Amino acid sequence: MSEMNKAMIEQYRNSFLSEVEANVEEGEWVKMCMQCGVCSGSCPLGKHWAHPPQEIFMMIRAGKRDEVLASDSMWMCTSCYNCVVRCPRQLPITHIMHGLATYAKKLGLVPQNQPTAKFAEIFWNNMMKKGRVNELKLGLSLYFKDGF
Ligand code: SF4
Ligand code: SF4
């Protein structure tokens, strides 16, 4: 690729897209999305989310940093991989969604009382203690997640 082409591409790469590419798992794939909408149409839960995957990728490319990182949509991904097997560009969508959630958590931008994020944290802590899930403790932790 010529230097001039590289410079032209950089011109259209906003700083948030570069940030995602540098910090989010598989984030370098976001620029490959062609906005066909197959992922959002295939996602069993996407229609209930504020921002299904196609929209999240479009928002990243539009530089909407605050809206993306505060969105609760990434936290609702169930890792069913429907989107991944159908994406014509073979984007690792599931990984990007979880990568965005992890990055938002690292920056402390997850909305307070976001229930799916809370569940993810409780589940992770439970599993990391002994290397497997203790279902009794998981149930109790979830039941009392807001205190007695
Ligand atoms: S299916 Fe793939 S190419 Fe199409 S909108 Fe989703 S991520 Fe983009
Ligand atoms: S892996 Fe996540 S984003 Fe993809 S279809 Fe399943 S729930 Fe939707």
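Please read all numbers here as calculations on a predicted model, not as lab measurements.

Student: Break down unusual backbone geometry for me, with residues and values.
Tutor: Notably, S79 is not glycine yet its phi reads approximately 60°, a positive angle. Mapped onto the elements of the fold, S79 is located in the loop between α5 (65-70) and α6 (82-86). Of note in the backbone geometry, Y81 takes a positive phi value of approximately 70° without being a glycine. With respect to the helices, strands and loops of the structure, Y81 is situated in the loop between α5 and α6. Looking at Y81, the relative accessible area reads 36%, which means it is partly exposed.

Student: Tell me about a nonpolar patch on the surface, residues and numbers included.
Tutor: Among the surface-exposed residues, L136, L140, Y143, F144 and F148 lie close enough to one another that they form a single nonpolar patch of about 700 Å² accessible area. Assignment of secondary structure puts Y143 in helix α9 (residues 135-143).

Student: Mind laying out the pattern of salt bridges, listing which residues take part and the relevant values?
Tutor: Tallied over the full model, the rule gives 4 salt bridges. With a closest N to O distance of 3.4 Å, E21 and K31 form a salt bridge. Separated by 10 residues along the polypeptide, E21 in helix α2 (residues 15-23) and K31 in the loop between α2 and α3 (38-42) bring together distant segments of the chain. For E21, a relative accessible area of 18% puts it in the buried group. Among the ionic pairs, D146 bridges to K145, the shortest N-O distance being 3.3 Å.

Definitions and cut-offs
Numbering of residues starts from 1 in every chain and runs along the sequence as written. The naming scheme follows written order: chains are lettered A onward, ligands numbered 1 onward. Given that this is a predicted model, residues contribute local features only at a pLDDT of at least 70 and side-chain atom pairs are listed and counted only at 80 or more, while totals for whole chains, interfaces and linings are drawn from all residues. Think of the side-chain values as coming from all heavy atoms in the structure, minus any hydrogens and water. By the criteria applied, helices consist of DSSP H or I runs no shorter than four residues and strands consist of E runs no shorter than two, each listed in order from the N terminus. For every residue, the accessible area obtained with a 1.4 Å probe (protein chains only) is divided by the maximum for its type, and the residue is called buried under 20%, exposed over 50%, and partly exposed between those limits. The residues that make up patches have over 30% relative accessible area and no salt bridge, and they are joined within 9 Å when like-charged or within 5 Å when they are Val, Leu, Ile, Met, Phe, Trp or Tyr. Method for areas: the Shrake-Rupley scheme with a 1.4 Å probe, in which residue coverage is limited to the protein chains shown. Only one rule defines a salt bridge in this text: a Lys or Arg side-chain nitrogen within 4 Å of an Asp or Glu carboxyl oxygen.

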